[in-house]
Amino acid sequence: MKHAAPKTHKGNGASSLANALFQSSSARGTSRHGAHAAVAVAPMNGIAALDAAVLEKINEVVPRTRRSIRESARAAQRRHTILTSTSLAALVGTAATGIAFANTQDMSSMALPENETTTTQMTRITPEAASRSEAREALVADNVQATSNDGDWSLGSSNTVSDTDAMSKSIANNPQIAKRMSADTNVLPAGFNPNHATGDTGNAYPYGQCTWWAYTRRAQLGLPTGSYFGNAQNWAASASALGYWVDHTAREVGDVVMFSPGQAGASGVYGHVAVVEKVNSDGSVEISESNAKGLGVISNRTFSATEAAQFTYIHY
């Protein structure tokens, strides 16, 4: 439905032209030719009619329908979006370029040195070496019997230990003491600690004296000896204080024999010490000693079982 055109004020040619234009553009469904005709035939009240080229330009610029107005607005929005995206992309590219130029020095330091390459080459050790796709030799040689893990665990008579005496019952850190403890299991003092303090920091005894030889000989046998047991007559007490096993029975080669002052020719002031070299089946004992026949002179003596039972022995 078309709207009626507003009344034209007499004596005003410009107003008549505007009214004619807007009347034609506001008419819903009006065609372009109709608009041309409306402007062309509009009464100008003394003003010359518009040139045809100007009229055509006006018809191109000014939309005549609501639909054309909406389409024009959408086209303008699309143009705005495209221009904004293009501007933003250009801005980001400019910033990235600036950062790249700014970091040229840092990037150059990361470049690999000239003429340096890393090449990994894999070759066979021998031409006959087998690959994954080639045949493999058996892991078990012809003269070796293959074993199997098939079987059952059992705790029958076949699992018993035939000789329990051959097993070490010692927790001693010193292997020589561990062997001796295995042999002395039934006679060890209750609660004996084989890893007691030894006081052994090296031979601190005067050269050639009986104490010097006792330390030296036991060291040769891998047995510890206190470095500061004192005079010979004090050795048993000093050893007991540190945890050594001390009694009156000769047991193994390397046991220290302590003579009280004046006993078996020992000094009446200092006493005497020696080392057991052999314990015979009849109980007699052979010893080695120093300074019995002169300072630094190593000699040997043998004592009967009765005599040997009178002395004191330091074991380990």
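In this report, we go over the structure that sits alongside the text. Please read all numbers here as calculations on a predicted model, not as lab measurements. (Residues numbered from 1 in each chain as written. Predicted model: local features only at pLDDT ≥ 70, side-chain atom pairs only at ≥ 80, totals over all residues. Heavy atoms only, no water.)

1. Describing the sheet that holds strand S3 (residues 272-279)
Short version of the rule: Whether two strands pair comes down to DSSP finding at least two bridges between them. Counting from the N terminus, the helices are the DSSP runs of H or I reaching at least four residues and the strands are the DSSP runs of E reaching at least two. What makes two residues a contact is simply this: any of their non-hydrogen atoms within 4.5 Å. Geometry is summarised by axes, namely lines fitted to C-alpha atoms with helices restricted to the contacting stretch, and by angles between N-to-C directions that run from 0 to 180 degrees.
Strand order in this open sheet of 6 strands is S1-S6-S2-S3-S4-S5, and the pairing throughout is antiparallel. Edge positions in the sheet fall to strand S1 (246-247) and strand S5 (298-303), since each of these pairs with one other strand and no more. Taken together, the 4 bridges between S3 and strand S4 (residues 285-290) define a ladder with antiparallel strand orientation. The residue of S4 that forms the bridge with Val275 is Ser288. Along the sheet, helix H7 (residues 210-220) contacts strand S2 (256-259), S3, S4, S5 and strand S6 (312-314); its crossing angle with S3, the most-contacted strand, is approximately 35°. Each of S1, S2, S3 and S6 touches helix H8 (residues 235-242); the most contacted strand, S6, lies at about 40° to it.

2. Structural notes on unusual backbone geometry
Here is the rule we go by: Accessibility here uses a 1.4 Å probe with only protein chains present; expressed as a share of the type maximum, an area under 20% marks a residue as buried, one over 50% as exposed, and anything in between as partly exposed.
The phi dihedral of Ala264 is positive, around 50°, even though this residue is not glycine. Relative to the helices and strands, Ala264 is located in the loop between S2 and S3. Exposure remark for Ala264: the relative accessible area of 32% places this residue in the partly exposed category. One non-glycine residue, Asn291, lies in the positive phi region at around 70°. For Asn291, the position within the fold is in the loop between S4 and S5.

3. Considering the nonpolar core
To keep it simple, the criterion reads: Residue types Ala, Val, Leu, Ile, Met, Phe, Trp, Tyr and Cys, when buried and joined through side-chain atoms within 4.5 Å, form a set referred to as a nonpolar core.
Tyr205, Phe229, Trp235, Val273 and Ile314 are the most contacted members of the largest nonpolar core, which has 17 residues in total. Of all elements in the fold, only H7, H8, S2 and S3 reach the threshold of two or more residues within this core. With 5 residues, the top contributor of residues to this core is H7. Membership of the second largest hydrophobic core comes to 12 residues, among which are Val257, Phe259, Val276 and Ile287.

4. Thoughts on the pattern of salt bridges
Quick note on the threshold: Think of a salt bridge as a Lys or Arg side-chain nitrogen and an Asp or Glu carboxyl oxygen that are within 4 Å of each other.
Applying the stated criterion to the full structure yields 3 salt bridges. Residue Arg217 pairs with Glu277 through a salt bridge whose shortest N-O separation is 2.9 Å. Taken together, the residues Arg217 in helix H7 and Glu277 in strand S3 connect sequence positions 60 residues apart. Residue classification places Arg217 among the buried positions, given a relative accessible area of 17%.

5. Quick word on the side chain of Arg218
Put simply, the rule reads: In this tally Asp and Glu are treated as negative and Lys and Arg as positive; neither His nor the chain ends contributes.
As for its placement among the helices and strands, Arg218 is situated in helix H7. Despite being buried, Arg218 has no salt bridge partner; Asp255 is the closest side chain of opposite charge, sitting 5.0 Å away. Every residue in contact with Arg218, bar those within four places of it in the chain, is listed here: Leu223, Pro224, Thr225, Tyr244, Gly254, Asp255, Val256, Ile314, His315 and Tyr316.

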